[in-house]
Each structure stands twice: as structure tokens, then as C-alpha cells.
Amino acid sequence: MVDAEGHPSRDEMELAAILNALSDPLRYRVVQEFAELPDGTERTCLSFELGVSKSTLSHHFRILRESGLVQQINRGNSRKAHLRREDLEARFPGLLDLIGQNPPPRKDPADDADA
């Protein structure tokens, strides 16, 4: 059952939601950075320096949280997140290895100028 913070239980984690969350290059980057860190590492959303507004950052982390990729925990006056590595490995074995081996394409700012 989804908890009060919007985290699905391991059994409720759905592949479609995970893939949707990973379809965005910024969210993919967050998961990839987490995957490279020791298990249990907690970080704030701002520590990823994604270059987006706070509201956009909150949106991205809501998608990550609701898909089950990360768990967010209130720590005093801040909110920290960590990768749900154990749950992901149990539910979707090898997914984090694939993410680690396949970095997202880096978006070229010149692409926006062409549009």
C-alpha cells in the first residue's frame, strides 16, 4: 500500500511507472548518480544541481518517489532522498546495472536554439 508520503510498497512498484520516471533525462541522471553512490546515501534534491527551478525539481522528485525509485525522508528543515536499491533489485533484478552501463544522452543547449 502506498504510504502517506506517496511511496509505493515493493509489491506495488510497476515497471511502467519506473520506465516513465526514467524517460526524463534529468530523472535518469538522478537515479544514475544515486546508483554510483554507496547504498543508503542520502542527498537533498538541490545537491544534484540540475539547473531547474525548485518547483520543477519538486515535480521530478515526486515522479521518482511515486514510481518507487527513491524514498524521501524529512530531516528537520530539509528533505533527503535515497535510492531504493534493495527494493529495485528484488523487484527488477539488473535494472540498476543497466542504468549504470547506459548513461543518458547529454542534452546539447544548441538543440533548443534550433527549435
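Residues numbered from 1 in each chain as written. Predicted model: local features only at pLDDT ≥ 70, side-chain atom pairs only at ≥ 80, totals over all residues. Heavy atoms only, no water.

1. Here's the deal with the pairing of strand 3 (residues 78–83)
On a regular strand, one side chain projects to one face of the sheet and the next to the other, so that they alternate. Pairing of strand 1 (residues 43–44) with strand 3, which is carried by two bridges, proceeds in the antiparallel orientation. Along strand 3, the bridge assignment pairs Thr44 with Lys80. Two elements, strand 2 (residues 70–75) and strand 3, share six bridges in a ladder whose sense is antiparallel. Paired with Asn74 across the strands is Arg79, a residue of strand 3. From the end of strand 2 to the start of strand 3, which pair antiparallel, there are two residues, and Gly76 there has a positive phi angle of about 70°. (Pairing = 2+ DSSP bridges. Helix = DSSP H or I, 4+ residues; strand = E, 2+ residues; numbered from the N terminus.)

2. Points about the nonpolar core
Ranked by internal contacts, the top residues of the largest apolar core, which has 25 residues, are Ile18, Val31, Phe61, Leu64, Leu69 and Leu88. Secondary-structure elements contributing two or more residues to this core are helix 1 (15–22), helix 2 (25–36), helix 3 (54–67), strand 3 and helix 5 (95–101). In terms of residue count, helix 2 provides more of this core than any other element does, five residues in total. Aside from chain neighbours lying at most four places away, what touches Leu88 is Met13, Ile18, Gly68, Leu69, Leu83, Pro93 and Leu96. (Core = buried A, V, L, I, M, F, W, Y, C linked by side-chain atoms within 4.5 Å. Buried < 20%, exposed > 50% of the residue type's maximum accessible area, 1.4 Å probe, protein only. Contact = heavy atoms within 4.5 Å.)

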